[in-house]
Amino acid sequence: MIPRAGQNSRFGLKSQKTGWLSPGVSGLKLLIVPLLSLLLIPLLLVMGLVGLTEEQEVQAVEIGGELETGGSLSYLDGSFYTSLIGRGEFELFLPATAAVEPRLVAQGWLDSAGKADFGFKYLYLRRPFDQGHFTVGRQPVSWSYGAMLNLLDYGIGIDGLAGETVTPGIDGLRYFHSLGGGRSFQAVVSFPALTVEADQLGLGTRLRLPAPGYDLSFNLSYKPLPVPWLPEIDSDHLFRGGVTYSGDLQDFGIYGSLGYFDFDQQDLDDIMLQLGLDYSWLIGEFDDRLVFLQAEYLRFLQNDFNFGQLAGMLGDQQSVEGDNGLPAPDNGAEEGPAAGPGAAGIMAGRDLFILNISTQLDPFSSLGLALLTETGDWVTAATPYYLNDLGGGLELRLDGSVLVDAEGEIYPGVSASLTYSF
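Presented here is a report on the structure given in the accompanying data block. All residue numbers refer to positions counted from 1 along the written sequence of the respective chain. Only residues with pLDDT of at least 70 get local features here, since the model is predicted, and only at 80 or more are side-chain atom pairs given and counted; chain-wide, interface and lining totals rely on the full set of residues. The side-chain numbers reported here are obtained from all heavy atoms of the structure, hydrogens and water having been left aside.

Here we come to the nonpolar core. Side-chain atoms within 4.5 Å link the members of a nonpolar core, which is a set of buried Ala, Val, Leu, Ile, Met, Phe, Trp, Tyr and Cys residues. Exposure categories follow from relative accessible area, calculated using a 1.4 Å probe and restricted to protein chains: below 20% of the type maximum is buried, above 50% is exposed, and the middle band is partly exposed. Leu149, Leu151, Phe261, Phe300, Phe305, Leu310 and Ile354 are the most contacted members of the largest nonpolar core, which totals 37 residues. Judged by nonpolar contacts, the second largest core, of five residues, contains Val141, Trp143, Tyr154 and Ile170.

Put into C-alpha cells, the structure is as follows:
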C-alpha cells in the first residue's frame, strides 16, 4: 500500500494571478448542474426498473459486487496498533440500449473505530455515438500510460503497484472522441457539488497520439485542491501540463513523462521528470513462471514541490478505491507505519524511486515486493505481498510493511484481508 502522511509544509503567497477564470465569471452559476440532480437519478431508476431494450423486451437487472474484510497489526514508538475494517461494493448491471449506457455502483465501509460511510462509487449515464461517447455523472477518469505512479493523471493514478490499482474519478462531464488509429481526444469538467461557482470547476483535456512502436499523449488539467498547510487560503488551483511517452527498446518497455506544475495563489511551481522501464522473463524447470519487474524514478527538478503536497489530490477524488485495497485511515491517524515519520519522510521527498517485482507462483497465487525510496535521506518503505485465489470467488491477500526513516528507525507491520466477489 502507498504510505500516506499529513502535509506540513509552509509556503508564501504570490502576487495576484487570474489563472484561467477571470473574476468577472466567478459568480456565474452552472445551468446544467441543477438539471443533473433532477434527471440523472430518476433516469437510472426508471431504466433499472423497466429495463426496456429497443424492442421493448423486459430484461432482468443483475447484481454483482464484492465484500472485503481485513485487519492490520503495526509497531510504532514502542506500542502495537491494530485496526479492523470492512468494505462492500454492489453494482446493478442495468440494461443498456443503443442510446444510453447506465452504470450504478454503491460502496460502503466500516472500521474498528466505528467510522462508517456509504455512497455511490459510480453513478452515470453514457451516450455513445460513432466516434466516441459523452458521460454525465460520477465516473472514472483514467489517463494511464503504463507508469505505476501517474502524476499527470486527472487525479493521481496508481497502476499495479504492490498489486493495487487506483483509478481517479470525478463528479462531472466527460467527452471522448476517437480520431482513428487509437488516437483520441477527451475533455473533462468536474465539480465538487451540484451547485458551484465557476472558479470551483476542474477542467482537463488529453490528446493521445499512438503510433507503431510508441504511445504519446499531451495532458492539461486545472482544478481546485485543498491546501491544509495554508489555512489562511484554505484552497488553491493547481495547473498541470505535460507529455507522457511509452514504447519499446529491444526487450525492455520504456516510458516517461515531463510535466509543469503551478499553484495559482502560491509562489510555487516546478518541473517534474519521470523515467521508467519494465522487463519480464521466464523461470522454473519448464520456463512456466513469469517474473515481471518494473522500476521508475521521479524528481521535481526545481525542488519546490514534494509528493506530500500532491497527496492532497487523493482527497479530491471521488473514486480512490483500489482493485483490492481497503480505505486508508485519515491523515494523522495514529495507526502504525502509515502515520509514522518514515512515511512522512518519503512523502516530503523531492525525488522518489519505485520498484515492483512480482511472479505467478501457480495459476492461483502470486508473490511480489514493492519498494519506495526517497533518495535524499534514503527513507524507505518495503511491502512484500501475497495473493491467493481460494476458489468460489474468495481471494486472500497478505501484506508486510517495513518503514525505515532517516535515522535508521524501523517501523514494521502486517495486514491480511479476504475478498469475496459475486
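Here we take up the packing of aromatic side chains. For this analysis, a ring pair means two rings from Phe, Tyr or Trp (six-membered ring only for Trp) whose centres lie within 6.5 Å, classed as stacked if their planes differ by under 30 degrees, edge-to-face if by over 60, and tilted for the remaining angles. In total, this model carries 14 aromatic pairs according to the counting rule given. Between phenylalanine 263 and phenylalanine 305, the aromatic rings sit 5.5 Å apart at their centres with planes inclined by 15°, giving stacked as the arrangement. Remark: phenylalanine 305 occurs in the loop between strand 16 (289-300) and helix 2 (307-310) and phenylalanine 263 occurs in strand 14 (residues 252-263); sequence separation between them is 42 residues. Accessibility classification places phenylalanine 263 together with phenylalanine 305 in one group, the buried group. When the centroid spacing of 5.6 Å and the interplanar angle of 35° are considered together, the rings of phenylalanine 300 and phenylalanine 305 count as tilted. Assigned by exposure class, phenylalanine 300 and phenylalanine 305 land together as buried. Both a distance and an angle decide whether a charge sits over a ring: NZ of Lys or CZ of Arg must be within 6 Å of the ring centre and within 35 degrees of the ring normal. The ring of tyrosine 154 carries lysine 223 above its face, with NZ or CZ at 4.3 Å from the centroid. Labels follow the DSSP assignment, with helices taken as runs of H or I lasting at least four residues and strands as runs of E lasting at least two, numbered in each case from the N terminus.

A few words on the environment of leucine 273. Mapped onto the elements of the fold, leucine 273 is located in strand 15 (residues 269-283). Placed 13 residues apart in sequence, leucine 273 and tyrosine 260 show a C-alpha to C-alpha distance of 9.1 Å. Note on contacts: a residue pair is in contact if any heavy atoms of the two residues lie within 4.5 Å. Contact partners of leucine 273, with chain neighbours within four places excluded, come to Ser257, Leu258, Tyr297, Leu298, Arg299 and Leu301.

Tracing the backbone shows serine 217 in strand 12 (residues 214-226). Judged by relative accessible area, which is 1%, serine 217 ranks as buried. In contact with serine 217, other than residues within four places in its own chain, are Arg206, Leu207, Arg208, Gly242, Val243 and Thr244.

We now examine the sheet that holds strand 8 (residues 164-166). An order of 6-7-8 is seen for the three strands of this open sheet, with the pairing classed as antiparallel. Edge positions in the open sheet fall to strand 6 (149-150) and strand 8, since each of these has one partner strand only. A pair of strands is treated as paired once DSSP finds two or more bridges between them.

As a further point, take the pattern of salt bridges. The salt bridge criterion pairs a side-chain nitrogen of Lys or Arg with a carboxyl oxygen of Asp or Glu, the two atoms within 4 Å. Evaluated as defined, the whole model comprises 10 salt bridges. Of the charged contacts, one joins arginine 87 and glutamate 68 as a salt bridge, the two residues approaching to 2.6 Å between their closest N and O atoms. A residue pair is termed long-range when its members are at least 10 positions apart, and arginine 87 in strand 2 (residues 79-93) and glutamate 68 in strand 1 (residues 62-76) qualify at 19 residues. A single burial state applies to arginine 87 and to glutamate 68, both of which are buried. Of the charged contacts in the structure, one is a salt bridge between aspartate 351 and arginine 299, with a shortest N-O distance of 3.2 Å. Of the two residues, aspartate 351 sits in strand 17 (residues 351-362) while arginine 299 sits in strand 16, which places them 52 residues apart along the sequence. In this structure arginine 299 comes out as partly exposed when scored by relative accessible area, which is 27%.

Our next topic: unusual backbone geometry. Positive phi is not limited to glycine here, since alanine 162 has a value of about 55°. Along the polypeptide, alanine 162 turns up in the loop between strand 7 (157-161) and strand 8. The exposure class assigned to alanine 162 is buried, which follows from its relative accessible area of 2%. Backbone geometry at asparagine 303 places phi at a positive 60°, although glycine is not the residue there. Counting through the fold element by element, asparagine 303 comes out in the loop between strand 16 and helix 2.

Attention now moves to the pairing of strand 21 (residues 410-421). Regular strands show a simple pattern: their side chains alternate between the two faces of the sheet. Pairing geometry for strand 1 and strand 21, over nine bridges, is antiparallel. Paired with glutamate 68 across the two strands is threonine 419, which belongs to strand 21. Of the pairings in the sheet, the one linking strand 20 (residues 394-404) to strand 21 comprises 11 bridges and is antiparallel in character. Across the sheet, the residue bridging to leucine 403 is tyrosine 411, located in strand 21.

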